[in-house]
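Listed here are the chains, written in short residue letters.
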Amino acid sequence: MKALWYRQTLSPVVAVVDVGTTKVCTLIGKKGGEGVEILGVGLSSSQGIRKGKVVDVARATRAIWESFALAREVAGEDPEMIYASIAGDFMSSFNLENEILLSKSGREVNRRDLEKVVEGARNSLKLSESRIVHIIPQEYQLDDQKGIADPRGMIGSKLKVKVHVVAAQENHYHNFLKSFSDAGLEVRKIVFQPLASAVAVLSPMEKEIGTALVDIGGGTTDLAIFYGGSVRFSQVLPIGGEHITSDLAIGLRTNKEEAERIKVSQGSVFSRHIRQDEMLEVKDLGLSSLQTVSRKYACEIIEARAKEILLMIGRGIRDSGFFHSLRGGIVLTGGSSLLDGLSELFSSVSNFPIRIGYPESKNFVGNIQTLQNPMFAAACGLLRQAVNDFFDQETLVSLEPPNAGKRILGKIKDFFMME
Ligand SMILES: Nc1ncnc2c1ncn2[C@@H]1O[C@H](COP(=O)(O)OP(=O)(O)OP(=O)(O)O)[C@@H](O)[C@H]1O
Ligand SMILES: [Mg+2]
């Protein structure tokens, strides 16, 4: 009741924090017209996070706080709830089924039945030292009728559900949350990163006909396969753009910043298209002098690692069992999807239609030019989901009116004192 009152009164200001391996991005926004109005953006460079995993809580806390504080300053408002995104090779996912008896003679399915059958799936899980992050219904079966998206109001005697479960190892999940709580931030919901990215870049049609979402970030490559409107498979591969940069730094005998600059400005995965005599000026390891190196050689290094990443993605798609069901092809997103030639190379070796997924501007109100980059797919999707969740009747019942920001920001002062 309170939630309904709140929903009618005003829309809450929400903050979302996408914790990546190379950057932490906070967006603050609220519902605006048919979309989401972005009130503030805060970026910080990631620290204490390796391959999506918090390896140094104090440094991760600082990076999260910096990004959050920047966004809050721009927004000029305290958010009333926080969503955060998570991914790393400490996460696993699988599919599961559960069945309940409605009544021998049959009766109408109601909302409580849906909760009960999904809850039963959750209770049947015996995960040791893992935390369930998501348990997402894929489809229902009522007696012999399969593939039902929403069986409410239909009559039957046995209700079955297929769910997709995403779990995280307890210790890493704890470290992740601790990095927020030490910054004085209370996270209301954690979302698996590829699912957040999918909210920003996939269309309902793509989710329906079968599409693989691949978020190639700095430290991880996250995969989520959608079919029949729901997620069917997900996986985190512990490889990303930082590996390309590291290879380049070693191969060109330079530091990572210089290697990153060369990768982004001069890199390509098609080394055979580059002439032998094209040369690059690269700072040496001590950054004291310039050396001349062949651009073709630099691109051969990039190409080798890019091919390894594509091979791993291909293997993931085969393992999913949906290889032959991807009529929507593959949507690449994440910062590394911008690597020159990557999507063309992938399309030539895989025969799938491939496109690069940018956060869709039509879902946002105002100027989101800076966010229209694949590296912001997870943050934009997360914000869209956080705002929509609040207006979704399904989730509404579980939401209490937020406590005017006091609770989630309670310890911020203490964190300031640490500075
Ligand atoms: N134009 C570009 N060409 C090549 N690589 C790029 C380009 N722009 C960004 N990148 C790469 O994208 C990566 C960062 O992407 P992104 O911001 O999506 O990662 P992240 O979210 O911080 O990390 P993760 O999701 O893996 O934890 C970096 O490795 C960077 O070098
Ligand atoms: Mg990312």
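From a predicted model like this one, the values you see are computed outputs, not experimental measurements.

Q: I tried to follow the nonpolar core on my own but got confused; where do I start?
A: For soluble globular proteins, the rule of thumb is that nonpolar side chains tend to be buried together. Among the nonpolar cores identified, the biggest contains 66 residues, and Val19, Leu27, Met91, Phe176, Phe180 and Leu383 are the most heavily contacted of them. If one sorts the elements of this core by residue count, helix 11 (residues 377–391) sits on top with eight residues. Leave out the neighbours within four places in its chain, and phenylalanine 180 touches Val17, Val19, Ile64, Ala84, Leu185 and Val187. In this structure, Leu248, Phe322, Ile330 and Leu339 belong to the second largest nonpolar core, which totals 37 residues.

Q: Any chance you could explain the sheet that holds strand 13 (residues 189–192) here in plain terms?
A: The strands making up a sheet associate through hydrogen bonds between their backbones, and the pairing can be parallel or antiparallel. An order of 13-6-1-2-3-21 is seen for the six strands of this open sheet, with the pairing classed as mixed. Only two strands of the sheet have a single neighbouring strand rather than two, namely strand 13 and strand 21 (364–365). Sheet topology places strand 1 (residues 14–19) next to strand 2 (residues 23–32); six bridges connect them, and they run antiparallel. Paired with valine 19 across the bridge in strand 2 is valine 24. Across the sheet, helix 5 (residues 193–201) lies against strand 1, strand 6 (81–86) and strand 13, angled at about 80 degrees from strand 13, the strand it touches most.

Q: Is there a simple way to explain the environment of glutamine 276 in this structure?
A: Assignment of secondary structure puts glutamine 276 in the loop between helix 8 (256–266) and strand 17 (279–283). C-alpha of glutamine 276 to C-alpha of arginine 295: the two residues are 19 residues apart in sequence and 7.8 Å apart in space. If sequence neighbours within four positions are ignored, glutamine 276 has contacts with Ser294 and Lys296.

Q: Explanation requested: the sheet that holds strand 12 (residues 158–169) in the structure shown.
A: As summarised here, the arrangement of the four strands in space is 7-12-9-10, forming an open sheet in which the pairing is antiparallel. Of all the strands in the sheet, just strand 7 (91–101) and strand 10 (145–148) have a single pairing partner and so form its edges. Taking the axes of each pair of neighbouring strands and ignoring which way they run, one obtains an average angle of 35 degrees across the sheet. Of the strand pairs in this sheet, strand 9 (residues 130–142) and strand 10 are connected by two bridges, and their pairing is antiparallel. Note that in strand 10 the partner of leucine 142 across the bridge is glutamine 145.

Q: Would you explain the site of ligand 1 in this entry?
A: Near ligand 1 lie 20 residues; those nearest to it are Thr21, Thr22, Glu260, Lys263 and Gly335. Measuring from an oxygen atom of ligand 1, one finds a side-chain N or O atom of threonine 21 at 2.6 Å. Within the backbone of serine 336, a nitrogen or oxygen atom sits 3.2 Å from an oxygen atom of ligand 1. In the complex, 91% of the free accessible area of ligand 1, which totals 650 Å², lies under the protein chains. For the shell around ligand 1, the secondary-structure elements that each account for two or more residues are helix 7 (241–251) and helix 8. Per element, the largest residue contribution to the shell around ligand 1 is three residues, and it comes from helix 8. Across the shell around ligand 1, the residue classes tally to four nonpolar, 12 polar and four charged.

Q: How should the domain arrangement of the protein chain be read in this particular structure?
A: For the protein chain, the domain assignment lists domain 1 (2–89 + 171–195 + 360–418), domain 2 (92–168), domain 3 (197–240 + 305–356) and domain 4 (241–304). Once you take the C-alpha centre of each, domain 2 and domain 4 turn out to be 51 Å apart.

Quick notes on the rules
- Residues numbered from 1 in each chain as written.
- Chains lettered and ligands numbered in written order.
- Predicted model: local features only at pLDDT ≥ 70, side-chain atom pairs only at ≥ 80, totals over all residues.
- Heavy atoms only, no water.
- Core = buried A, V, L, I, M, F, W, Y, C linked by side-chain atoms within 4.5 Å.
- Buried < 20%, exposed > 50% of the residue type's maximum accessible area, 1.4 Å probe, protein only.
- Helix = DSSP H or I, 4+ residues; strand = E, 2+ residues; numbered from the N terminus.
- Contact = heavy atoms within 4.5 Å.
- Pairing = 2+ DSSP bridges.
- Axes fitted to C-alpha atoms, helices over the stretch in contact; angles between N-to-C directions.
- Near = heavy atom within 4 Å.
- Polar contact = N/O pair within 3.5 Å; in protein donor to acceptor, adjacent residues only side chain to side chain.
- Areas by Shrake-Rupley, 256 points an atom, 1.4 Å probe, with all protein chains shown as cover.
- Nonpolar A, V, L, I, M, F, W, Y, C, P; charged D, E, K, R; others polar.
- Domains from an automatic or database assignment.

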